[in-house]
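# Summary of the model geometry
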Amino acid sequence: MKLISILMLSVFSSAAQADVDFLAFPEIRADHVEGANFSEKNVRPSVDLFLSKEFDVGALVLFEVFVAEDVENAERVQLGWKFNESTRVWLGRYHNPFGYWHTEYHHGNYLQTSISRPEMVDFGGSGGLVPSHMTGGLVEGSIEHGEGVWSYTLAAGMTSQLTSSGGHHGGGAGGSLTDFDVFNPKAGNHDYGYTARLAYQPNLMDETQYGAFATHETIKTDDSPKDEITLDVVGVFANYHKEKLRLIGEAYYFHTEVPRHHDEGGEQSDDFIAGYIQAEYAANDEWTPYISYSDTFANDDNEYIELLPKYAEKAKTVGVRWDFYRHQALKLEYTQREFDHDHNGLWLLNWSAVWP
């Protein structure tokens, strides 16, 4: 994997001088859980590198690499074809196109107002509920309607595996969703997933957007090669932007089927709901305070959630962003989190930027 990272970093370095879209998103993040000791391990620098290119013949390429001290990951590796101005088809590893947050924001933290992501749409390795990436085929299209546009996405491919060794992007001990490794396809035990997403943007010149999606995931486990979890999710989302105020909200309905490892055998079939809302107020060109609330409902004794101990079932966040210099920001936030059998407070401080 280190050789791959060195190779791809060389490609990105050369691309910065070529006729391609190239962006670098450096970040330095410090975190502190109340009651825990703080050390240099709580300060983590990272960089996310993004490159895309459209050739005259219609061919497309897109790469995204995330690099940190203990993480080297090819987040997106996509080859595609642009059939016309409104339709693109891709093959490779891509973001699972569910909801709003996960579709609009990739791994470059500078792009989002807050430091953290809402709990239910966090990356799979950090406690998220839905697989973050797929490897397979992706169709993206749009249909203009007056001043607005309808956008649709269809995806099918290899999905995540539930592992006990943790993932990346801050994923530590405990079960988490581990993505299919496009550079090591024999690693792990992965099955297929499917996602469909539809969104409507009333005005192309405005960020306001509404939509819905559905996804079906068959998730293998590393406990037993024969065990598989069935995850079906339908959800709605909205991003409302009016002058200085911005509201982002999503609500998902989950149906899970989890194998039982007890004497009764069989599967636990269960349902629950998760949602969040985030409010942001751009006081001026520099300061943006924000608050967020996430919650999970009807989730008592849900075995799928119990397999993901890093998922906070309820969270309240307050923070502020300071855009102190061109393409650079400082953010500070505090989150009160409630887990299945625990609760704590988490402080986050980061510097993030985009170059060029």
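Below is a short write-up of the structure. These figures come from a predicted structure and were not determined experimentally. (Residues numbered from 1 in each chain as written. Predicted model: local features only at pLDDT ≥ 70, side-chain atom pairs only at ≥ 80, totals over all residues. Heavy atoms only, no water.)

### With respect to the overall build of the chain
Looking only at helices and strands, the chain features 3 helices and 18 strands. Since a compact globule built from 356 residues should have a radius of gyration of about 21 Å, the 20 Å found for the chain is in line with a globular shape. Per-residue burial for the chain yields a buried fraction of 50% across its 356 residues. Put simply, 57% of the contacts in the chain that link residues at least 6 apart link residues at least 24 apart. On the chain, roughly 17,300 Å² of surface is accessible, and the fraction owed to carbon and sulfur atoms is 57%. Positive and negative side-chain charges of the chain, numbering 25 and 54 respectively, have mean locations separated by a distance of 5 Å. (Helix = DSSP H or I, 4+ residues; strand = E, 2+ residues; numbered from the N terminus. Rg over C-alpha atoms; globule rule 2.2 N^0.38 Å. Buried < 20%, exposed > 50% of the residue type's maximum accessible area, 1.4 Å probe, protein only. Contact = heavy atoms within 4.5 Å. Areas by Shrake-Rupley, 256 points an atom, 1.4 Å probe, with all protein chains shown as cover. Lys, Arg positive; Asp, Glu negative; His and termini not counted. Charge placed at Lys NZ, Arg CZ, Asp CG, Glu CD.)

### A short note on the nonpolar core
In summary, soluble globular proteins display a tendency toward joint burial of nonpolar side chains. Counting 28 residues, the largest nonpolar core has Met-120, Leu-129, Tyr-252, Phe-254 and Tyr-304 as its most contacted members. When near neighbours in sequence (up to four residues on either side) are disregarded, Leu-129 contacts Met-120, Leu-177, Leu-231, Phe-254, Phe-272, Ala-274, Tyr-304, Leu-308 and Tyr-311. By size, the runner-up hydrophobic cluster in this structure holds 12 residues, among which are Tyr-94, Tyr-110, Met-134 and Val-354. (Core = buried A, V, L, I, M, F, W, Y, C linked by side-chain atoms within 4.5 Å.)

### Thoughts on the packing of aromatic side chains
Here the structure, examined in full by the defined rule, presents 14 aromatic pairs. Ring centres of Trp-322 and Phe-324 lie 5.4 Å apart, and the angle between their planes is 50°; on these two criteria the pair is classed as tilted. Residue classification places Trp-322 among the partly exposed residues on the basis of a relative accessible area of 31%. These aromatic residues form a ring-pair network of at least three members: Phe-98, Phe-213, Tyr-252, Phe-254 and Phe-272. Above the face of the Phe-55 ring, Lys-53 is positioned so that its terminal group lies 5.6 Å from the ring centre. The residue whose ring lies beneath Arg-321 is Tyr-110, and the NZ or CZ to ring-centre distance is 4.8 Å. (Phe/Tyr/Trp six-rings, centres within 6.5 Å; stacked < 30°, edge-to-face > 60°. Lys NZ or Arg CZ within 6 Å of the ring centre and 35° of its normal.)

### Digging into the environment of Asp-270
Secondary-structure assignment places Asp-270 in strand 14 (residues 267-281). Each C-alpha atom of the pair Asp-270 and Lys-314 lies 19 Å from the other, and the pair is 44 residues apart in sequence. Not counting chain neighbours up to four residues away, the residues in contact with Asp-270 comprise Phe-254, His-255, Thr-256, Asp-300, Asp-301 and Asn-302.

### Describing the environment of Tyr-194
Locating Tyr-194 in the fold gives a position in strand 10 (residues 192-201). Under the relative-accessibility criterion, Tyr-194 is labelled partly exposed at 46%. Between the C-alpha atom of Tyr-194 and that of Leu-154, which follows or precedes it by 40 residues, the distance is 7.8 Å. Filtering out sequence-adjacent residues up to four positions away, Tyr-194 remains in contact with Met-134, Ala-155, Ala-156, Ala-214, Thr-215 and His-216.

### Comments concerning a nonpolar patch on the surface
A cluster of nonpolar side chains, namely Trp-287, Trp-322, Phe-324, Tyr-325 and Leu-330, defines an oily patch on the protein surface of about 480 Å² accessible area. Within the element layout of this structure, Tyr-325 appears in strand 16 (residues 314-325). With relative accessibility at 55%, the residue Tyr-325 sits in the exposed group. (Patch = residues over 30% accessible without salt bridge, like charges linked within 9 Å, V, L, I, M, F, W, Y side chains within 5 Å. Salt bridge = Lys/Arg side-chain N within 4 Å of Asp/Glu carboxyl O.)

### Looking at the side chain of Thr-230
As for its position among the elements, Thr-230 is in strand 12 (residues 228-242). A relative accessible area of 14% places Thr-230 in the buried class. The contacts of Thr-230, once residues within four sequence positions are left out, are His-216, Glu-217, His-255, Thr-256 and Glu-257.

### Examining the pairing of strand 18 (residues 343-353)
Where strand 1 (residues 21-33) meets strand 18, 7 bridges bridge the pair, whose relative direction is antiparallel. Residue His-32 lies in a different strand from strand 18, and its bridge partner there is Trp-347. Pairing of strand 17 (residues 328-338) with strand 18, which is carried by 11 bridges, proceeds in the antiparallel orientation. Counted as the bridge partner of Tyr-334 is Trp-347 from strand 18. Turn length for the strand 17-strand 18 hairpin, with the two strands adjacent in sequence and antiparallel, is 4 residues. (Pairing = 2+ DSSP bridges.)

By themselves, these are just geometric observations and shouldn't be taken as functional.
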